[in-house]
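Geometric and topological summary
Chain by chain, the residues:
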Amino acid sequence: MKRQFFVLAAALVLAACTSYPKLETTVPYTIKNGTIILDEPQREPGQESALGMTCEPIDTVRVGFVGLGMRGGDAVRRYTYIEGVKITALCDLLPERVAQSNSYLESRGWPKAAEYSGEEGWKALCESDDVDLVYICTPWLLHTPVSLYAMEHGKHVACEVPSMMNIRDCWDIINTCEKTRRHFMMLENCCYDFYEMTALNMAQKGVFGEVYHVEGAYIHNLDPFWKAYQGNWRLEYNQKFRGDNYPTHGIGPVCQVLNIHRGDKMNVLVAMDTKPLHGAEVARENMGVEEFANGDHTVSLIRTEKGHQIEIHHNVYAARPYSRMYQLTGDKGFANKYPYPQFAVAPDPERFANREEFVALLQEYKHPIIAEYEAKAREVGGHGGMDYIMDSRLIHCLRGGLPLDQDVYDAAEWCCVNELSRISTEAGSMPVRVPDFTRGGWNVKDGLAFAE
Ligand SMILES: NC(=O)c1ccc[n+]([C@@H]2O[C@H](COP(=O)([O-])OP(=O)(O)OC[C@H]3O[C@@H](n4cnc5c(N)ncnc54)[C@H](O)[C@@H]3O)[C@@H](O)[C@H]2O)c1
């Protein structure tokens, strides 16, 4: 009797220890061996992988812009410097922003574009026969609905970061891309920055040996910007959600170095945040609210199939200088961009290259894409030129009928940190399995390559 009592008590203690918190997720989940596992939908019949997908070449790419605020307005400006495009449509919630961009086109000697406005003006733009590419620069929660509608209406999509806000968005975009065979590219401009492309080239040539630990971040005090976002969309989002909701500038460039879904894949993520401190203060002042979900500093750690490690930070509240970290640690060398770009390589990887050696490395390993676009990029600008290089590469690939530099799986992998980090923090930093968005295709391609 006594023995039975102890067995029952032990079973109850065990059950209490393994009772997990109830999580809010956008797709169903289970917990197995202490890891949260989100359901991964099967590929539907008639749907094929979009790895390396090519489409018919487009001689002159007709672009329609949706969202003409701080980012969209500048995208229109940059496109007036790109060969092989026509700007045929402009859309914003606010008609005056459409009129302003159209006046800009006129001032540059370009024909006026068709105008769309209002809450759902983007639907008519996506339905238009005069658009090949829908270029989306709206608030985050519109990214997925506009992208899906555009692809369903036969358009290629380029969408600002982060293109997908949760795991359900990721699968919806992937499924629609795989079904409609339309391109989907997230506009992850930091992948095209001069230092990052050089370091990528060095990594691909083996200068750092096997790169096994990488770091990336978005650390940017947004105090000067909070009030500039139309309708306060960004602070409202952060007020509601915990986790790293802006991971792609940090994770995109380092995933390219690690060949994610081109020979390696992310397996598991663990995240931890601090309490909301300055964020809560900003929300109190700007919105008059006491509740604020987003921690000031969120860190996500990811382990890959090959045993490599990715560390990603998010902090849009910090009283400190801007940083995307961008750090590569290999068994033969080291790269570090912030606060000062540096390399430490053979024969003396324990010492940073001096100025002369650093400049020589930049020159020796200049990425061919940088070499091609650098001069014009510095003239046109857009975050120092990387935006222009990104736009030029996208148009080059569409005109040539080439696979895009960043595919739909990159977008999902880089964006999924958003919901996965939220779930992990809400579950007390429990590990979460990273979905395989390629559904088994992650090892088909051998390394990242840029189509010529
Ligand atoms: N890649 C980068 O470096 C970078 C930099 C800044 C912003 N962004 C991204 O660009 C996007 C836009 O940011 P922003 O800073 O320009 O914000 P913003 O608030 O200045 O612009 C958003 C625009 O979308 C419009 N809009 C709102 N609802 C709409 C609707 N229903 N239909 C059409 N237009 C609508 C607004 O009127 C506004 O003009 C965000 O996704 C942001 O994360 C990326």
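Residues numbered from 1 in each chain as written. Predicted model: local features only at pLDDT ≥ 70, side-chain atom pairs only at ≥ 80, totals over all residues.

1. Some thoughts on the overall build of the chain
- Each helix and strand counted, the chain has 15 helices and 16 strands in total.
- Computed over its C-alpha atoms, the radius of gyration of the chain comes to 23 Å, within 12% of the 22 Å expected for a compact globule of 452 residues.
- Taken over the C-alpha atoms alone, the chain extends approximately 90 × 60 × 50 Å along its principal axes.
- Across the 452 residues that make up the chain, the buried fraction comes to 46%.
- Across the chain, the fraction of contacts at a sequence separation of at least 24, relative to all contacts at a separation of at least 6, is 74%. (Helix = DSSP H or I, 4+ residues; strand = E, 2+ residues; numbered from the N terminus. Rg over C-alpha atoms; globule rule 2.2 N^0.38 Å. Buried ≥ 20, exposed ≤ 12 C-beta atoms within 10 Å, placed from the backbone. Contact = placed C-beta atoms within 7 Å.)

2. Remarks on the site of the ligand
- Lining the immediate environment of the ligand, one finds 27 residues, of which Gly67, Gly69, Arg71, Leu93 and Gln230 sit closest.
- For the shell around the ligand, the secondary structure elements donating two or more residues are α2 (70–79), β4 (85–92) and α4 (121–127).
- Here the shell around the ligand takes three residues from α2, the largest share from any one element.
- Here the shell around the ligand is built from residues that sort into 14 nonpolar, eight polar and five charged. (Near = placed C-beta within 6 Å. Nonpolar A, V, L, I, M, F, W, Y, C, P; charged D, E, K, R; others polar.)

3. Here we look at the sheet that holds strand β6 (residues 133–136)
- The strand order β5-β4-β3-β6-β7-β8 describes an open sheet built from six strands, whose pairing is parallel. This sheet does not close on itself; its edge strands, each paired only once, are β5 (114–117) and β8 (184–186). Between one strand axis and the next, the sheet turns by 20 degrees as a mean value, whatever way the strands run.
- In the sheet, strand β3 (residues 61–66) pairs with β4 via six bridges, with the strands oriented parallel. In the sheet register, Arg62 faces β4, and the bridge partner there is Lys86.
- Against the sheet, α2 contacts β3, β4 and β6, and its axis sits at roughly 160 degrees relative to β3. (Pairing = 2+ DSSP bridges. Axes fitted to C-alpha atoms, helices over the stretch in contact; angles between N-to-C directions.)

4. Here's the deal with the environment of Glu357
- The topology assignment puts Glu357 in helix α11 (residues 355–364).
- Between the C-alpha atoms of Glu357 and Arg320, which are 37 residues apart in sequence, the distance is 29 Å.

5. Brief notes about the nonpolar core
- In terms of nonpolar packing, the biggest core is built from 112 residues, with Phe65, Val134, Cys170 and Ala412 touching the most fellow members.
- Ranked by the residues each element gives to this core, the list is headed by helix α13 (residues 386–400), at eight residues.
- Taken together, domain 2 (61–188) and domain 3 (190–380 + 402–433) each give at least three residues to this core, which thus spans both.
- Sequence-distant contacts of Cys170, that is, excluding residues within four places in its chain, are made with Met164, Ala412, Cys415, Cys416 and Phe437.
- Membership of the second largest hydrophobic core comes to six residues, among which are Leu235, Ala280, Val282 and Phe292. (Core = buried A, V, L, I, M, F, W, Y, C linked by C-beta atoms within 7 Å. Domains from an automatic or database assignment.)

6. Structural notes on the confidence of the model for the chain
- Summing up the model confidence of the chain, the mean pLDDT is 95 and the portion of residues at 70 or higher is 96%.
- Scored below 50 in pLDDT, residues 5–17 shows zero contacts in the model against residues more than four places distant or in partner chains. (pLDDT = per-residue confidence, 0-100.)

7. Quick look at helix α14 (residues 408–415)
- Burial analysis of α14 places eight of its eight residues in the buried class, which makes it a mostly covered element.
- Along α14, the residues classified as buried are Val408, Tyr409, Asp410, Ala411, Ala412, Glu413, Trp414 and Cys415.
- Residues of α14 that are buried make contact with α6 (167–180), β8, α9 (248–257), β10 (266–273) and α15 (417–426).

8. Re helix α3 (residues 95–107)
- With 13 residues, α3 should cover 18 Å at 1.5 Å per step; its first-to-last C-alpha distance of 18 Å lies within 8% of that length.
- Packed against the buried residues of α3 are α2, β4 and β5.
- Gly109 sits one or two residues past α3 and shows a positive phi near 80 degrees. (Expected span 1.5 Å × (residues − 1).)

9. Section: the pairing of strand β2 (residues 35–38)
- Burial of the side chains of β2 is restricted to one face: Ile36 and Leu38 are buried, whereas none of Thr35 and Ile37 on the reverse face is.
- With four bridges connecting them, strand β1 (residues 29–32) and β2 associate as antiparallel partners. Each bridged residue has a counterpart across the sheet, and for Ile31 the counterpart in β2 is Ile36.
- Taking the residues that link successive antiparallel strands as the turn, the β1-β2 hairpin has two residues, and the phi of Asn33 there is positive, at about 45 degrees.

10. So, the environment of Tyr388
- Relative to the assigned elements, Tyr388 resides in helix α13.
- Sequence separation between Tyr388 and Asn189 is 199 residues, and the spatial gap between their C-alpha atoms is 8.7 Å.
- Apart from the residues lying within four places of it in its own chain, the contact partners of Tyr388 are Arg78, Tyr81, Tyr373, Lys376, Ala377, Val380, Gly381 and Gly382.

11. Thoughts on unusual backbone geometry
- A cis geometry characterises the amide bond from Val161 onward to Pro162, with omega recorded as -20 degrees.
- Along the chain, Pro162 turns up in the loop between β7 (156–159) and α6.
- Going from Ala346 to Pro347, the amide bond is cis rather than trans, its omega being 10 degrees.
- You can see Pro347 is positioned in the loop between β15 (342–344) and α11.
- Phi is positive for Tyr326, close to 40 degrees, though the residue is something other than glycine.
- Of note, the phi angle at His383 is positive, near 50 degrees, even though the residue is not glycine.

12. So, the packing of α6 against α14
- Where α6 meets α14, the closest approach of the two axes is 10 Å, and the angle between their N-to-C directions is 175 degrees. Taken together, the axis directions place α6 and α14 in an arrangement best described as roughly antiparallel. Along its contact with α6, which presents Cys170, Ile173, Ile174 and Cys177, the element α14 presents Val408, Ala412 and Cys415.
- In terms of residue class, the contact of α6 with α14 is built from seven nonpolar, no polar and no charged. (Parallel < 35°, antiparallel > 145°, perpendicular 65-115°, else oblique.)

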